[in-house]
Amino acid sequence: MNITYLRGNNSFKLDTDNTSYVIGIVDSEGFIGHAYYGAKIPNDNVTYLMRTNENPLVPSLNGRDRSSFLDTFPTEFSGNNVGDYRESSINIRDKNGASGIQLLYRGYRIINGKPKIKGLPATFSDEMNAMTLEIDVEDVNLGVKGTLSYSIFNNSDAITRSIRIKNVSDNIIYLDKLMSMCMDMDDDDYRMLVLHGSWARERHIEYRKIGHGKQSVSSIRGESSHQEHPFIALVGENTTQSYGDVYGFNFVYSGNFLGQVEKNQFNSLRVVMGIHPENFGFKLDTGDEFYSPEVVMVYTNQGLGHMTRTYHDLYRNHLIRSSYLRKPRPILINNWEATYFDFDNEKLLDIARTAKECGIEMLVMDDGWFGNRKDDNSSLGDWWVNETKIKGGLKKLVEDVNEIGLKFGIWFEPEMISPDSRLYRQHPDWAIAIPGRIPCRSRNQYVLDITRKEVRDYAYNCVAKILKSANIEYVKWDMNRQLTDISSACLEADRQGELIHRYVLALYEMQERLIAEFPNLLLENCSGGGARFDPGMLYYSPQIWCSDDTDAIERLSIQEGTSLIYPLSTMGAHVSVCPNHTVGRVTPFDTRGNVALAGTFGYELDVTKLSEEDKEAIPQQIATYRKFNKLIREGDYYRLASYSENNYYDCYQVVSKDKSEALITFVQVLNQPNMHSIKIKLQGLDDNKIYKIEGKEETYHGETLKKAGILIERLNGDFQSKLLHLIEQ
Ligand code: GLA
């Protein structure tokens, strides 16, 4: 890793292990251009790639065609309304209401380590393991200064980008848009890979052709969303898991986002990513600063798999802070699919007793334990225990559960308020709503305006009070509706556009407070399943509930898309009953276990109602979890085959960092008649090590297993699965 200023050609070069990123400063005005991002190159002058010696020439040589230059120049951060007609990265309205901005180069710093981004989650590092380039920029006319930040990490091919800007003028200015990054590059026939979805089928991999004009992913729902994901990859025409070009862009943020690729008249691409400009605006008084969230970029010419492992390692080493990251999580049983709202302390204790016999370690009490909550129509905000259901109170229940030998966890939805709640009757103005307009209900609930300190404090203190009242060791923090009616009773008219971003900052502040006050708590984030599964939330919780869909087959696609970027140890995954409550599918109990093993692993069923056969299978599943969890949590992940692509079977592999063992999970989704065995070429093994599949006699070199592969016999039936454990001899 290194960052170099190449004085001779006024350029900056960031080198990671295998990649280089080159920024060039051009013309007397100081335009900041993008010269190169790709495989690592020597310190040659590659600023010619910005084509500034071709027509259209730089403005100092050709002032009459300034726009021709600005509209084609590959910039690091596009301006607005001054000649570049492609997507702007920043819009600012001045005191007269005019918007025009071009941030120009002023100076730089190269720093060891990585400065924090105020109020926002971000990758972090000590001074030894990261370097940061800060480029100072300015628009003199507006009186705006800014800093473009780029960080690189030891032993990683990731580069992070963000920007902060400051109003140094004597006037108020309005920030209407701020992308976190912008990058222009030639289109070498890339496809766009995105993660698309819906409730119960989040993050399915989808490829799109890049046509002229703009194509994007976005959310204006107040969260990163089920539907689209703050991630784009540009993928070469022939790229596979182990070969070819990939540029990944992932946004470390949990609110509205825009990620966009624009192909222009000269077939070059502009990638931008940042907070979605819709309904966004920030008023900056003299001296005020605004910090953008960061984007994590990964380039590789070694295929999607290398990109995946780069994100996994970066997020494990430099993003997720929880001490649980490298620990086995307690095997929990959650009562949501077991009981929904229909439970009492006796029912929970029955589940706990049987769970204990099976080897389960924690009971999580889900939605329905508070206020007058009988269904999803009431009581959010009334965070006191419902003693009709939980007779004797929460402390007593937790003691009883602990007595049985299980830990205890609890569900909250702190950001919400039911119209039918004591809280709403007392504080109707605490709900986000536009004055005079009946706000839109979703799941019959409103969203609390947590940007107001008193509201945030109330919601936080409710959670903290419950946590202090009993021995609670886990919290599932849910968020079951998206934002509408964006308006705050406490913001001035010209600050209403700040609400959604302030909401996300407030959420981060609450979670920061929670993990600081309860450092031993295991926090699992959730949002109607996986609508807020993003790197921002991983800064606070080591795991996120991946989806409300617990069907093993649907989970193959959801977990394939999620694990494209996020470590397996972050994916909340449970075994549930069949027919599955969401899709009605019946799959074997061991396949449900094998698929959940690729995540945090746990149960979401009424264990007292299981067949004896399934109940007896649980201790074996738990033993398998214990045997492989460290490998799954900390190893390198390789995608070997995808059911979404072949409509037949799914196969993935986790290899330990020292390459001494590997676990291969094979799921035959649909049986096919009259077929021979399936050949799978393994990946990631040491060529020279000798391996054996547990339970078999023959030994093979890693090189053979990679080049010649293994044969997996066809299994009898649909939805069948198999684990293969490879051990070094
Ligand atoms: C969301 C969660 C579920 C469950 C319910 C409770 O949908 O994703 O796991 O907690 O809320 O209402």
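Residues numbered from 1 in each chain as written. Predicted model: local features only at pLDDT ≥ 70, side-chain atom pairs only at ≥ 80, totals over all residues. Heavy atoms only, no water.

### Description of the overall build of the protein chain
Argument step 1. Within the protein chain, the secondary structure is distributed over 14 helices and 39 strands.
Argument step 2. A compact globule built from 729 residues would reach a C-alpha radius of gyration of about 27 Å, and the protein chain, at 27 Å, matches this within 12%.
Argument step 3. Projecting the C-alpha coordinates of the protein chain onto the three principal axes gives extents of approximately 85 × 70 × 45 Å.
Argument step 4. Within the protein chain, the proportion of its 729 residues that are buried is 63%.
Argument step 5. When the accessible surface of the protein chain is summed, it comes to about 26700 Å², and 46% of that surface belongs to carbon and sulfur atoms. (Helix = DSSP H or I, 4+ residues; strand = E, 2+ residues; numbered from the N terminus. Rg over C-alpha atoms; globule rule 2.2 N^0.38 Å. Buried < 20%, exposed > 50% of the residue type's maximum accessible area, 1.4 Å probe, protein only. Areas by Shrake-Rupley, 256 points an atom, 1.4 Å probe, with all protein chains shown as cover.)

### Thoughts on the UniProt feature "binding site: substrate" (unreviewed entry) in the protein chain
Argument step 1. Summarizing the sequence annotation, UniProt attributes the feature "binding site: substrate" (unreviewed entry) to Trp199, Asp366, Asp367, Arg443, Lys476, Trp477, Asp478, Met479, Asn480, Cys526 and Asp548 in the numbering used throughout.
Argument step 2. Judged by its relative accessible area of 28%, Arg443 is partly exposed.
Argument step 3. Polar side-chain contacts of Arg443 include one of 3.3 Å to the side chain of Asp376.
Argument step 4. With residues up to four places along the chain from it excluded, the contact list for Asp548 reads Trp199, Glu202, Glu337, Gly528, Gly529 and Thr582.
Argument step 5. Looking at Asp548, its side chain comes within polar contact range of the main-chain nitrogen of Gly529, at 3.5 Å. (UniProt positions renumbered as here; feature names shortened; annotations may be inferred. Polar contact = N/O pair within 3.5 Å; in protein donor to acceptor, adjacent residues only side chain to side chain. Contact = heavy atoms within 4.5 Å.)

### A look at the nonpolar core
Argument step 1. Among the nonpolar cores identified, the biggest contains 184 residues, and Leu234, Trp369, Ile410 and Tyr603 are the most heavily contacted of them.
Argument step 2. Those residues in contact with Tyr603, other than ones at most four positions away along the chain, are Ile331, Leu332, Ile333, Asn334, Ile360, His574, Val575, Phe589, Ile618, Gln621 and Ile622.
Argument step 3. Counting 22 residues, the second largest nonpolar core, distinct from the first, contains Ala641, Cys651, Ala662 and Leu705. (Core = buried A, V, L, I, M, F, W, Y, C linked by side-chain atoms within 4.5 Å.)

### Here's the deal with the sheet that holds strand β3 (residues 19–26)
Argument step 1. As summarised here, the arrangement of the 4 strands in space is β1-β2-β3-β4, forming an open sheet in which the pairing is antiparallel. Edge strands, defined here as strands with exactly one partner in the open sheet, are β1 (2–6) and β4 (31–39). Neighbour-to-neighbour, the strand axes of the sheet open up by a mean angle of 15 degrees, direction not taken into account.
Argument step 2. With 5 bridges joining them, strand β2 (residues 11–15) and β3 adopt antiparallel strand pairing. For Lys13, the partnering residue across the bridge sits in β3 and is Val22. (Pairing = 2+ DSSP bridges. Axes fitted to C-alpha atoms, helices over the stretch in contact; angles between N-to-C directions.)

### Here we look at the site of the ligand
Argument step 1. Of all residues adjacent to the ligand, which total 13 residues, the nearest are Asp366, Asp367, Lys476, Gly529 and Asp548.
Argument step 2. In this structure, an oxygen atom belonging to the ligand sits 2.6 Å away from a side-chain N or O atom of Asp366.
Argument step 3. At 2.9 Å from an oxygen atom of the ligand is found a side-chain nitrogen or oxygen belonging to Asp478.
Argument step 4. Contact with the protein chains hides 97% of the accessible area of the ligand, taken as 300 Å² for the molecule alone.
Argument step 5. Looking at the shell around the ligand residue by residue, the classes come out as 4 nonpolar, 3 polar and 6 charged. (Near = heavy atom within 4 Å. Nonpolar A, V, L, I, M, F, W, Y, C, P; charged D, E, K, R; others polar.)

### So, the pairing of strand β14 (residues 231–235)
Argument step 1. Of all 5 residues making up β14, 5 are buried, and the element is well covered by its neighbours.
Argument step 2. Of the two faces of β14, the one carrying Phe231, Ala233 and Val235 and the one carrying Ile232 and Leu234 are both buried.
Argument step 3. For strand β11 (residues 191–196) and β14, the ladder comprises 3 bridges, and the chain directions are antiparallel. Residue pairing for β14: Met192 is matched across the bridge by Leu234.

### Section: the UniProt feature "active site" (unreviewed entry) in the protein chain
Argument step 1. The sites that carry the UniProt feature "active site" (unreviewed entry) are, in the present numbering, Asp478 and Asp548. A stretch of 71 residues holds the annotated residues, and the largest C-alpha distance among them is 11.7 Å, short enough that they meet in one place.
Argument step 2. Apart from the residues lying within four places of it in its own chain, the contact partners of Asp478 are Trp411, Phe412, Glu413, Pro414, Glu415, Cys526, Ser527 and Gly528.
Argument step 3. A distance of 2.8 Å separates a polar atom in the side chain of Asp478 from a polar atom in the side chain of Trp411.

### Details of the sheet that holds strand β23 (residues 407–412)
Argument step 1. Within the open sheet, the 9 strands sit side by side as β29-β28-β27-β26-β23-β22-β21-β31-β30. Their pairing is parallel. Of all strands in the sheet, those bounded by a partner on one side alone are β29 (571–572) and β30 (575–576).
Argument step 2. With 2 bridges joining them, strand β28 (residues 543–545) and β29 adopt parallel strand pairing. Its bridge partner being in β29, Ile544 is matched across the sheet by Met571.

### Observations concerning the packing of helix α7 (residues 453–469) against helix α8 (residues 499–517)
Argument step 1. Running from amino to carboxyl end, α7 crosses α8 at an angle of 25 degrees, the nearest separation of the two axes being 11 Å. Classified by the angle their axes make, α7 and α8 are roughly parallel. For the crossing formed where α7 meets α8, the hand is right-handed. Each of Arg456, Asp457, Ala459, Tyr460, Asn461, Val463, Ala464, Leu467 and Lys468 in α7 lies in contact with α8, whose residues at this interface are Ala506, Glu509, Met510, Arg513, Leu514 and Glu517.
Argument step 2. In terms of residue class, the contact of α7 with α8 is built from 8 nonpolar, 1 polar and 6 charged. (Parallel < 35°, antiparallel > 145°, perpendicular 65-115°, else oblique. Left-handed = near helix turned anticlockwise from the far one by under 90°.)

### Some details on the domain arrangement of the protein chain
Argument step 1. When the domains of the protein chain are assigned, the result is domain 1 (2–318), domain 2 (323–634) and domain 3 (640–728).
Argument step 2. Between the C-alpha centres of domain 1 and domain 2 there is a distance of 34 Å.
Argument step 3. Counting residues at the interface gives 48 residues for domain 1, matched by 48 residues for domain 2.
Argument step 4. Carbon and sulfur atoms supply 55% of the area buried between domain 1 and domain 2, which totals about 4000 Å² over both sides.
Argument step 5. A per-residue breakdown of the area domain 1 buries against domain 2 is headed by Arg203, Glu223 and Arg316, which together make up 17% of the total.
Argument step 6. Counting across the interface, domain 1 meets domain 2 through 3 salt bridges.
Argument step 7. Here Arg495 makes a salt bridge to Asp285, at a shortest N to O gap of 3.3 Å.
Argument step 8. Breaking the side of domain 1 that touches domain 2 down by element, the ones donating at least two residues are β11, β12 (204–209), β15 (246–251), β18 (282–284) and α2 (303–318). (Domains from an automatic or database assignment. Buried area = accessible area lost by both parts, 1.4 Å probe. Salt bridge = Lys/Arg side-chain N within 4 Å of Asp/Glu carboxyl O.)

### A word on the packing of aromatic side chains
Argument step 1. According to the stated counting rule, one finds 39 aromatic pairs in the structure shown.
Argument step 2. Seen in terms of ring centroids, Phe370 and Trp411 are 6.0 Å apart; in terms of plane orientation they differ by 10 degrees. Their pairing is stacked. In this pair, Phe370 sits in the loop between β22 (362–365) and α5 (394–404) while Trp411 sits in strand β23, placing the two residues 41 residues apart along the sequence.
Argument step 3. Judged by its relative accessible area of 0%, Phe370 is buried.
Argument step 4. Residue class for Trp411 comes out buried when judged on its relative accessible area of 1%.
Argument step 5. Clustering of aromatic rings is evident, with ring pairs tying together Tyr21, Tyr37, Tyr150, Tyr190, Tyr247 and Tyr299.
Argument step 6. The residue whose ring lies beneath Lys389 is Phe343, and the NZ or CZ to ring-centre distance is 4.9 Å. (Phe/Tyr/Trp six-rings, centres within 6.5 Å; stacked < 30°, edge-to-face > 60°. Lys NZ or Arg CZ within 6 Å of the ring centre and 35° of its normal.)

### A short note on helix α12 (residues 612–634)
Argument step 1. When the terminal C-alpha atoms of α12 are compared, their 34 Å separation across 23 residues agrees well with the 33 Å that a helix rising 1.5 Å per residue should span.
Argument step 2. The largest bend in α12 comes to about 50 degrees, at Phe628. (Expected span 1.5 Å × (residues − 1). Bend = angle between axes of the 7 residues up to and from the residue.)

### Side note on the side chain of Thr591
Argument step 1. Here Thr591 is to be found in helix α11 (residues 589–596).
Argument step 2. Contact partners of Thr591, with chain neighbours within four places excluded, come to Ala552, Val667, Phe719, Gln720 and Ser721.

### A few points about the environment of Asn53
Argument step 1. Looking at where Asn53 falls in the secondary structure, it is placed in the loop between β4 and α1 (66–70).
Argument step 2. With a relative accessible area of 61%, Asn53 lands in the exposed category.
Argument step 3. In this structure the C-alpha to C-alpha distance between Asn53 and Thr123, which are 70 residues apart in sequence, comes to 38 Å.

### Side note on the pairing of strand β10 (residues 173–186)
Argument step 1. For β10, a buried count of 12 out of 14 residues is recorded, marking the element as mostly surrounded by other parts of the structure.
Argument step 2. As defined by bridge partners, strand β5 (residues 90–93) adjoins β10 across 4 bridges and the pair is classed as antiparallel. Bridging from a neighbouring strand, Asn91 pairs with Lys177 of β10.
Argument step 3. Looking at chain direction, β10 and β18 are connected through 3 bridges and run antiparallel. Pairing of Tyr174 across the sheet is with Lys283, part of β18.
Argument step 4. Note: β10 against strand β17 (residues 268–275), 7 bridges, orientation antiparallel. Each residue of the ladder has a partner; that of Cys182, found in β17, is Val272.

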